Amino acid sequence: MDKNTLFAYIDTHKKEIMERGRRFFACPELGFQEFQTMGMICRELERLGVPYEKEIALTGVKATIGTGDGYHIALVADIDALPRKDGDGCIHSCGHSIQTALLLTVLETLAKTGFIEKTDGKVSFIFTPAEEFIDFAYRDALIRLGKLEFRSGKQNMIALGVFDGVDCVLSAHANGESGTKFDINSTLAGFLAKKAVFTGQSAHSGAAPHQGRNTLHGAMLCMQAIAFLKDQFAPEAGLRLNPVITRAGGDVNMIPAETVMETYIRANDNDTLFTAAKRFDGCVAHAAEALELGYQIETTAGYLPLRQSDGLSAVVLDNMRLFCEEEAIIKNPVSGASGDVGDLGTLLPTVQFGFSGIEGRFHSDFFSVRDEENCYMNAAKVMAGTVYDLLTSPEKRVKWEGFHEKKEQYLCLLRQKI
């Protein structure tokens, strides 16, 4: 069987593939609340006769086809949506429904053509909830109830062992680049959240300000230090550090006894991310000590930077070239956005290629699928072709050693809140 057999199957089922994509786009749900989406995925798997696990990290699904132990590929899709800006429900304004539809198309193609049984490998299809880093009150309540450990779907699934035994990860994500077809080997920034609470002494601001310890002054001094600190990082490090005051206690005639400053720290690599986090803590501590204030610092793990596998990207790129001219492929774009696929890329060789075909801005109420051919058909063929190459050409396979050690270090990082 050659690769064209897989492509022909996709072409033959174009109508059903398009309809599937539209159904999932019409079912937007917030993270860890994707119950209808999970049900739709499971019904598709039942129709195909593929066994699966569901309710992983509440709403995640995993299905595996093939029994070989030569190479294990994980195809990964996000399934969550975002709230509409007008407050009227939700919308798939990051294109995660397209990812979900893509995986089901590739799964059906590999299963129905019988290709997978002719190889020494297997493919897992992993539908992950809650990629969007939002809705903290809801997610933190689930964590307190013991239903989750972390705020993100992939972080919970990593901890639950869903990716144990996997050799590589292949994913895809819509991009907003008009006039192109695909992008390859992009980077995503990592981020973590910081919350600094300055504590002092209230006093009457007119009669006796000297009796107080003004926490707003401490926060302002800290913000000045952070502004100077940012100049000490090279532009290519991608550091983004823009703190805001979220609470400054006290009435207009009172010295504030508590001030809260919060920020995300974003960076293009782990070294910059963790160095900046440490330096941030230093700015808080020294600003507070200079004015004889107390302080507390709370760190919440976000997502790690994504660095894609060069070897896997080369295989994906070869398949992109089958469906467009070279100039329609963007290579090595740098993005300030983040995603929990970066956490997977820290543990396993990972690719998340981009495909064009959407209209409107990401995360807006005007997002829609414009080029269904590229989103649902060409992207699926690129993914299926990449799987074909990896399972028929062992020399193209990329493997890393030490997954369990990396995973242990990673979970220690999250559980210690960095």
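Residues numbered from 1 in each chain as written. Predicted model: local features only at pLDDT ≥ 70, side-chain atom pairs only at ≥ 80, totals over all residues. Heavy atoms only, no water.

Quick look at the pairing of strand β15 (residues 350–355)
Next, step 1: With respect to burial, β15 is a largely interior element, six of its six residues being buried.
Next, step 2: Going residue by residue along β15, you find Thr 350, Gln 352 and Gly 354 tucked away on one face and Val 351, Phe 353 and Phe 355 tucked away on the opposite face as well.
Next, step 3: Two elements, strand β7 (residues 168–174) and β15, share six bridges in a ladder whose sense is parallel. Paired with Ser 171 across the bridge in β15 is Gln 352.
Next, step 4: With two bridges connecting them, strand β8 (residues 182–184) and β15 associate as antiparallel partners. Within β15, the position partnered with Phe 182 by the bridge is Phe 355. (Buried < 20%, exposed > 50% of the residue type's maximum accessible area, 1.4 Å probe, protein only. Helix = DSSP H or I, 4+ residues; strand = E, 2+ residues; numbered from the N terminus. Pairing = 2+ DSSP bridges.)

Some details on the nonpolar core
Next, step 1: If you look at the biggest cluster of nonpolar residues, it comprises 67 residues, and the most contacted ones within it are Leu 75, Val 123, Phe 125, Phe 353 and Phe 355.
Next, step 2: Take this core: its biggest share by element is twelve residues, from helix α11 (residues 372–392).
Next, step 3: Setting aside chain neighbours within four positions, we find Phe 355 in contact with Ile 98, Leu 102, Ala 172, His 173, Ala 174, Asn 175, Lys 181, Phe 182, Asn 374, Cys 375 and Ala 379.
Next, step 4: Listed in part, the 47 residues of the second largest apolar core include Met 157, Val 169, Phe 233 and Leu 414. (Core = buried A, V, L, I, M, F, W, Y, C linked by side-chain atoms within 4.5 Å. Contact = heavy atoms within 4.5 Å.)

Digging into the packing of helix α1 (residues 3–12) against helix α2 (residues 14–25)
Next, step 1: At their nearest, the axes of α1 and α2 sit 5 Å apart, and the two run at 70 degrees to each other. Accordingly, the angle class assigned to the pair α1 and α2 is roughly perpendicular. Of α2, the residues touching α1 (which contributes Ile 10, Asp 11 and Thr 12) are Lys 14, Glu 16 and Ile 17.
Next, step 2: When its residues are assigned to classes, the contact of α1 with α2 shows two nonpolar, one polar and three charged. (Axes fitted to C-alpha atoms, helices over the stretch in contact; angles between N-to-C directions. Parallel < 35°, antiparallel > 145°, perpendicular 65-115°, else oblique. Nonpolar A, V, L, I, M, F, W, Y, C, P; charged D, E, K, R; others polar.)

Side note on the packing of aromatic side chains
Next, step 1: In total, this model carries nine aromatic pairs according to the counting rule given.
Next, step 2: Each ring, one from Phe 362 and one from Phe 367, has its centre 5.2 Å from the other, and the planes form 65 degrees; the classification is edge-to-face.
Next, step 3: Residue classification places Phe 362 among the partly exposed residues on the basis of a relative accessible area of 27%.
Next, step 4: Accessibility expressed as a relative area gives 3% for Phe 367, which makes it buried.
Next, step 5: Put simply, the rings of Phe 133, Phe 136, Phe 191, Tyr 264 and Tyr 303 touch in pairs and so form one group of aromatic residues.
Next, step 6: Sitting over the face of the ring of Phe 136, Arg 151 holds its NZ or CZ atom 3.9 Å from the ring centroid. (Phe/Tyr/Trp six-rings, centres within 6.5 Å; stacked < 30°, edge-to-face > 60°. Lys NZ or Arg CZ within 6 Å of the ring centre and 35° of its normal.)

Notes on the layout of surface pockets
Next, step 1: In this structure, the largest pocket occupies an estimated 730 Å³ of space.
Next, step 2: Along the wall of the largest pocket there are 36 residues; nearest its centre are His 173, Leu 188, Ser 335, Ala 337 and Ser 338.
Next, step 3: Grouping the constituent residues of the lining of the largest pocket by class yields 16 nonpolar, twelve polar and eight charged. (1 Å grid on protein atoms, 1.4 Å probe; cavity = no way out; pocket = protein on both sides within 12 Å on 5 of 7 lines; lining within 4 Å. Points joined across faces, edges and corners; volume = space filled by probe spheres on them.)

Regarding the environment of Ala 57
Next, step 1: Position of Ala 57 relative to the elements: it lies in the loop between β1 (52–56) and β2 (60–65).
Next, step 2: As a C-alpha pair, Ala 57 and Ala 141 span 84 residues in sequence and 14 Å in three-dimensional space.
Next, step 3: For Ala 57, the residues in contact, after removing those within four places along its chain, are Phe 32, Pro 129, Leu 148, Asn 156, Met 157 and Leu 160.

Brief notes about the pattern of salt bridges
Next, step 1: One pass over the full model with this rule turns up 23 salt bridges.
Next, step 2: Across the pair Asp 11 and Lys 381 runs a salt bridge, and its minimum N-O distance is 2.6 Å. With a gap of 370 residues between them, Asp 11 in helix α1 and Lys 381 in helix α11 connect regions that are remote in the sequence.
Next, step 3: Judged by its relative accessible area of 41%, Asp 11 falls in the partly exposed class.
Next, step 4: We note a salt bridge from Lys 154 to Asp 340, for which the minimum N-O separation is 2.7 Å. (Salt bridge = Lys/Arg side-chain N within 4 Å of Asp/Glu carboxyl O.)

Observations concerning unusual backbone geometry
Next, step 1: At Asp 135, a residue that is not glycine, the phi angle is positive and equals roughly 60 degrees.
Next, step 2: Locating Asp 135 in the fold gives a position in the loop between β6 (121–128) and α5 (136–144).
Next, step 3: Assessed through its relative accessible area of 28%, Asp 135 is described here as partly exposed.

Section: the sheet that holds strand β14 (residues 329–331)
Next, step 1: The strand order across the open sheet built from eight strands is β1-β2-β6-β3-β7-β15-β8-β14, with neighbouring strands paired in mixed fashion. Of all strands in the sheet, those bounded by a partner on one side alone are β1 and β14. This sheet shows a mean twist of 20 degrees between the axes of neighbouring strands, independent of strand direction.

Thoughts on the packing of α1 against helix α4 (residues 96–113)
Next, step 1: Interhelical geometry of α1 versus α4 gives an angle of 120 degrees and a closest axis separation of 10 Å. One element, α1, and the other, α4, form an angle in the oblique class. Here α1 runs over α4; the crossing is right-handed. Packed against α1, whose contacting residues are Thr 5, Leu 6, Tyr 9 and Ile 10, the element α4 presents Thr 105, Glu 108, Thr 109, Leu 110, Lys 112 and Thr 113 at the interface.
Next, step 2: The class makeup of the residues in the contact of α1 with α4 is four nonpolar, four polar and two charged. (Left-handed = near helix turned anticlockwise from the far one by under 90°.)

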